[in-house]
Amino acid sequence: MCIRDRYMGMSVLKQLSNDEQDSVRVIALDSLTQIAKILNKDENKTQTLPIIIAATEDKSWRVRLALAKNFAGIAEAFGKEITDLSLIQIFTTILRDVENDVKAAAVESLSNFINMISPDKLSILLPSIQALSKDSFLQVRSSVGHVMASLISISNKDVITKLIPNLFDLLDDEDPNVKVSGLKASAKFAQVASPDFVSNLLPHIRTAFSSSKWRVRLAGVEALVDIACAYGDINLFEKTLEPLYFQYLTDKAHAVRELGVQSVPKLIKAFNKTWLNGNLLPRLNDIIAKDFTYLLKITALYSLEAATSVLKSDEINDKILPMLIRCGRDSVPNVRFTVINILKNISNKLDDPALHSVKSLYTELSTDKDKDVQFFAQDALANLQSGK
């Protein structure tokens, strides 16, 4: 674009940004990012920066909202130098806006904005982030956790240490959405924080697992597993986190039980099967051997199936299959039905002697008194015999 065209474009933008109608001023701000991309650094300093400064003090909250939503894109168009020198200070003003919707939009933009500034400038934003973790507006607090998580990869330990009390504030918040936000951020903190962080975090994690909201418990399981994998310390896991993790087996929410099952392979990989043989399998075997509720048994069975994804055939044959065969003769039809499906799913990992045991069980269940068990056993037997 030639100089004349750029000049005319800026002239129109200035005119629009000073229009009496706030809807017109909003349009001007929405187009500011694209215009900033075609201007050079000096032109942005002298032409577009004053428009941004004026927008932060605009009497219309809709104009300030438009600025908050577009700020990360504007910073990217301006480049790191202007962002570090000028935009970061302007952004702190938006983060303190009196209008809740503007402040919430600014926090949403903050996760992207922090990637546009130099790491040594993060300290300028730190007081604002700390204050926002205690903001009275729910949407603001629930977004701060995401911002904190985004900071981890670019922050030094001093910044992270200062944010830990604010993370705990989010975890102790009464609102479940804020708690979930804090739990997701805590896993990121664990990747860089000292081992003492887990012991300080534990009371807050326990609170999440006792929540009546299943989404909070779900986020608790996810955070716990990520923290365990980040440290890879089986002793730390056994002493602090494992009792909480095993609560997934009895959780009332299917989503929580499902995530607990899906996490089994990750934990086996993290602890090199030591945890599998010494902790998980004895726990699951105890559930299967005793007269627990059928739902608990089924969750234990799916946990065994999940474990097979990271085990070799001989390990499955020796450690997993005997428990499955035993449950295939359980008194509850749903348990027997689940075993049939699991054996069908893992049959390609079993050796010939193991398949013979499976075939015997299928044959037995093909005359089961429960019609569904009988049907699926006959189907599984036919597939096994045909090599499918």
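Treat the numbers as computed from the prediction; the structure is a model and nothing was measured. (Residues numbered from 1 in each chain as written. Predicted model: local features only at pLDDT ≥ 70, side-chain atom pairs only at ≥ 80, totals over all residues. Heavy atoms only, no water.)

1. A closer look at the overall build of the protein
When you go through the protein residue by residue, the secondary structure sums to 21 helices and zero strands. For 388 residues, the compact-globule estimate of 2.2 N^0.38 gives 21 Å, and the protein exceeds it by more than 25% at 29 Å. Its C-alpha atoms give the protein principal-axis dimensions of about 85 × 45 × 35 Å. The buried share of the protein, reckoned over its 388 residues, is 52%. Contacts in the protein between residues far apart in sequence, at least 24 positions, make up 68% of those at least 6 positions apart. Across the protein, the 46 positively charged side chains and the 46 negatively charged ones have centroids separated by 2 Å. (Helix = DSSP H or I, 4+ residues; strand = E, 2+ residues; numbered from the N terminus. Rg over C-alpha atoms; globule rule 2.2 N^0.38 Å. Buried < 20%, exposed > 50% of the residue type's maximum accessible area, 1.4 Å probe, protein only. Contact = heavy atoms within 4.5 Å. Lys, Arg positive; Asp, Glu negative; His and termini not counted. Charge placed at Lys NZ, Arg CZ, Asp CG, Glu CD.)

2. Some words on unusual backbone geometry
Phi at Asn272 takes a positive value of approximately 55°, unusual for a residue other than glycine. Of note in the backbone geometry, Lys273 takes a positive phi value of approximately 70° without being a glycine. With respect to the helices, strands and loops of the structure, Lys273 is situated in the loop between helix H15 (254–270) and helix H16 (274–289). Looking at Lys273, the relative accessible area reads 23%, which means it is partly exposed.

3. Some thoughts on the packing of helix H18 (residues 313–327) against helix H19 (residues 333–346)
Taken N-terminus to C-terminus, the directions of H18 and H19 make an angle of 150°; their axes are 8 Å apart at the nearest point. Accordingly, the angle class assigned to the pair H18 and H19 is roughly antiparallel. Our pair here, H18 against H19, has a crossing hand that is left-handed. Listed contacts from H19 to Ile316, Leu321, Leu324, Ile325 and Cys327 of H18 are Val335, Arg336, Val339, Ile342, Leu343 and Ile346. Counted by class, the contact of H18 with H19 contains 10 nonpolar, no polar and one charged residues. (Axes fitted to C-alpha atoms, helices over the stretch in contact; angles between N-to-C directions. Parallel < 35°, antiparallel > 145°, perpendicular 65-115°, else oblique. Left-handed = near helix turned anticlockwise from the far one by under 90°. Nonpolar A, V, L, I, M, F, W, Y, C, P; charged D, E, K, R; others polar.)

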